[in-house]
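Working through the structure, step by step
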Amino acid sequence: MIYVFDYETLKIIWWGVVGLLLIGFAVLDGWDLGVGMLLPYVGRSDDERRVVLNSVGPTWEGNQVWFITAGGATFAAWPLVYATAFSGFYIALIVVLFALFLRPVGFDYRSKVPDPRWRGAWDWGIFVAGLVPALVFGVAFGNLLLGVPFHFDGDQRSFYTGSFFGLLNPFALLAGVVSVAMLAMHGGLYLQLRTEGAVQARAIHAARIAGLVFVAAFAAAGFWVATGIEGFQIVAMPPADSAFAPAAKTVERLPAGWLQNYSKHPWTILAPLAAFGGTALALLASARRWSACALALSCVAVSGVLLTAGFALYPFIMPSSSDPKSSLTAWDAVSSHRTLQIMFWAVVIFMPLIIAYTSWVYRVMRGKVTVEHVRRDTHSLY
């Protein structure tokens, strides 16, 4: 087989690819989750709630594929991360899975029965399907920055020594608030673009409140990381272009360790600046009724948040708080050189196709969803 890139380069490329997939999920399915969270507030009547649901109706299933693809890429490129995370975070992921079950069922069955109690129950189910995943994903990222209690034994078997309730610590819950507020803002700005009238006005108000909460929580989390959390640093390891077990490296913990990459590579400061600046400009554009501009800037802010966490952690993917040398990194948690090379060509071929058809769908489905629209097409819409 012809290898276009050496092993070390492919390890870095796949860190970027998985990161890109997570950003795609956060941006595209993020506004779906945000819309679900805002449904009980921005939609006061049945018609208004149908407007909200049909604003994401044609696209939410396709957006969710980014999450599935990110999981598949993690399984193929980072098998140790997949195995360790899905065992350690098992209960949390089951909670997310069962919450997400409510979304397709809620969309498909809500309008089947005209009883307000039936429809109201499914509305709250869709709300839960938006809130719970957003909260759990934020909590998960918070725990990654703290370190996850797991280790490998001599046979390279992973053992998780924590508990589900141990994941719900103060810093992780703050990270959960960051995630929920960020996606609520994102969903509100999406609704501003896709709706009009009273629904749009409430969405703008909700986005403004959520944006302010997000900025405050994100700033507090950053201060906490800088002053109250120890980061991780690789002191010694085998050559990066070789295959080696996680325990073959030496890792130490040090105060403000997650800020090292920002000191070594000053350009990475653009990530948190994009998060804060994108949010501020998005809310300003929203107030000026520049809806498309506001949503684009919100996408920048969401991307900035994920990049802020990614740059801080790099090259760590899943740090271990109980046995730092067992921490999983971009250098030692990866598949073989051959596997990464084959998958690289799959990405080169299929990623542009996914982006192209996603763009085409949004172009075809563009425009406002109105109460008159859902009343006229009552049998063909959600």
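Here, the structure is the one placed above.
First, a word on what this report is: a plain description of the structure on this page. (Residues numbered from 1 in each chain as written. Predicted model: local features only at pLDDT ≥ 70, side-chain atom pairs only at ≥ 80, totals over all residues. Heavy atoms only, no water.)

Scanning the protein chain from N- to C-terminus turns up 13 helices and six strands. Taking the principal axes of its C-alpha atoms as reference, the protein chain extends roughly 65 × 45 × 35 Å. Sequence separation of 24 or more characterises 80% of the internal contacts of the protein chain that already satisfy a separation of 6 or more. Accessible surface for the protein chain amounts to roughly 17,000 Å². Of this, 71% is attributable to carbon and sulfur atoms. (Helix = DSSP H or I, 4+ residues; strand = E, 2+ residues; numbered from the N terminus. Contact = heavy atoms within 4.5 Å. Areas by Shrake-Rupley, 256 points an atom, 1.4 Å probe, with all protein chains shown as cover.)

On to the environment of Pro170. Position of Pro170 relative to the elements: it lies in helix α7 (residues 170–194). Along the sequence, Pro170 and Ala240 sit 70 residues apart, while their C-alpha atoms lie 35 Å from each other.

Let's shift gears to the packing of α7 against helix α11 (residues 291–313). For the pair α7 and α11, the least separation of the axes is 8 Å and the interaxial angle reads 160°. By the angle between their directions, the pair α7 and α11 is classed as roughly antiparallel. Every pair of crossing elements has a handedness; the one defined by α7 and α11 is left-handed. Residues Met182, Met185, His186, Leu189, Tyr190, Gln192 and Leu193 of α7 lie in contact with α11, whose contacting residues are Ser291, Ala292, Ala294, Leu295, Ser298, Cys299, Val302 and Val305. Grouping the amino acids of the contact of α7 with α11 by side-chain chemistry returns 11 nonpolar, four polar and no charged. (Axes fitted to C-alpha atoms, helices over the stretch in contact; angles between N-to-C directions. Parallel < 35°, antiparallel > 145°, perpendicular 65-115°, else oblique. Left-handed = near helix turned anticlockwise from the far one by under 90°. Nonpolar A, V, L, I, M, F, W, Y, C, P; charged D, E, K, R; others polar.)

So, on to the nonpolar core. Membership of the largest hydrophobic core comes to 100 residues, with the highest contact counts inside it found for Trp14, Trp258, Met318 and Leu340. Per element, the largest residue contribution to this core is 18 residues, and it comes from helix α1 (residues 7–42). Ignoring any residue separated from it by four or fewer positions in sequence, one finds Met318 in contact with Val81, Thr84, Ala85, Phe89, Leu144, Val148, Phe150, Ser327 and Leu328. (Core = buried A, V, L, I, M, F, W, Y, C linked by side-chain atoms within 4.5 Å. Buried < 20%, exposed > 50% of the residue type's maximum accessible area, 1.4 Å probe, protein only.)

Below, the discussion takes up a nonpolar patch on the surface. Together, Val4, Trp345, Val348, Ile349, Phe350 and Leu353 give the surface a local cluster of nonpolar side chains, amounting to about 570 Å² of exposed area. Note that Val4 resides in the segment before α1. (Patch = residues over 30% accessible without salt bridge, like charges linked within 9 Å, V, L, I, M, F, W, Y side chains within 5 Å. Salt bridge = Lys/Arg side-chain N within 4 Å of Asp/Glu carboxyl O.)

What follows deals with the pattern of salt bridges. Side chains that differ in sign of charge can pair as their charged atoms come close. Tallied over the full model, the rule gives 12 salt bridges. A salt bridge links Arg49 to Asp123, with the shortest nitrogen-to-oxygen separation between them at 2.9 Å. Here the residue Arg49 occupies a position in helix α2 (residues 46–56), and Asp123 occupies one in helix α6 (residues 116–146), the gap between them amounting to 74 residues. According to the relative accessible area criterion, Arg49 is buried, its value standing at 16%.

Another aspect to go through is the side chain of Lys11. Here Lys11 lies in helix α1. No salt bridge is formed by the buried Lys11, whose closest oppositely charged neighbour, Asp241, lies at an N-O distance of 7.0 Å. Within the structure, the side chain of Lys11 is placed 2.7 Å from the backbone oxygen of Trp331, a separation counted as a polar contact. Once residues lying within four places of it in the same chain are set aside, the contact partners of Lys11 are Ala240, Ser242, Phe244, Ala330, Trp331, Val334 and Leu340. (Lys, Arg positive; Asp, Glu negative; His and termini not counted. Polar contact = N/O pair within 3.5 Å; in protein donor to acceptor, adjacent residues only side chain to side chain.)

Because an α-helix completes one turn every 3.6 residues, residues spaced three or four positions apart along the sequence face the same direction. When the terminal C-alpha atoms of α11 are compared, their 34 Å separation across 23 residues agrees well with the 33 Å that a helix rising 1.5 Å per residue should span. Buried residues dominate α11, accounting for 18 of its 23 residues. (Expected span 1.5 Å × (residues − 1).)

Another point: the environment of Gly257. By secondary structure assignment, the location of Gly257 is in the loop between β4 (250–255) and α9 (260–264). Residues Gly257 and Ala312, 55 residues apart in the sequence, show an inter-C-alpha distance of 8.5 Å.

Turning to helix α4 (residues 79–88), a few remarks are in order. Of the positions making up α4, those classed as buried are Val81, Thr84, Ala85 and Gly88. In an axial view of α4, the angular spread of the buried residues amounts to 95°, which keeps them on one side of the axis. Looking at the packing, one finds that the buried side of α4 touches α3 (60–77), α5 (90–109), β1 (150–152), β2 (158–160), β5 (316–318) and β6 (328–329). (Arc of directions from axis to C-beta.)

The tally for this structure, following the rule as stated, stands at 25 aromatic pairs. Relative to Phe218, the ring of Phe214 has its centre 5.6 Å away and its plane inclined at 20°; by these criteria the two rings are stacked. Highlighted residues: Phe214 and Phe218, both in helix α8 (residues 197–228), separated by four residues, approximately one helical turn. Comparing Phe214 with Phe218 shows no difference in burial state: the two are buried. Joined through ring pairs, the aromatic side chains of Trp15, Trp267, Phe311, Tyr314 and Trp331 make up one cluster. The positively charged end of Lys11 is found above the aromatic ring belonging to Tyr7, 4.4 Å away from the centroid. (Phe/Tyr/Trp six-rings, centres within 6.5 Å; stacked < 30°, edge-to-face > 60°. Lys NZ or Arg CZ within 6 Å of the ring centre and 35° of its normal.)

So, on to the environment of Ala248. As for its position among the elements, Ala248 is in the loop between β3 (230–236) and β4. Relative accessible area serves as the criterion here: at 44%, Ala248 is assigned to the partly exposed category. Remark: the alpha-carbon pair of Ala248 and Asp332, spanning 84 residues in sequence, is separated by 8.9 Å.

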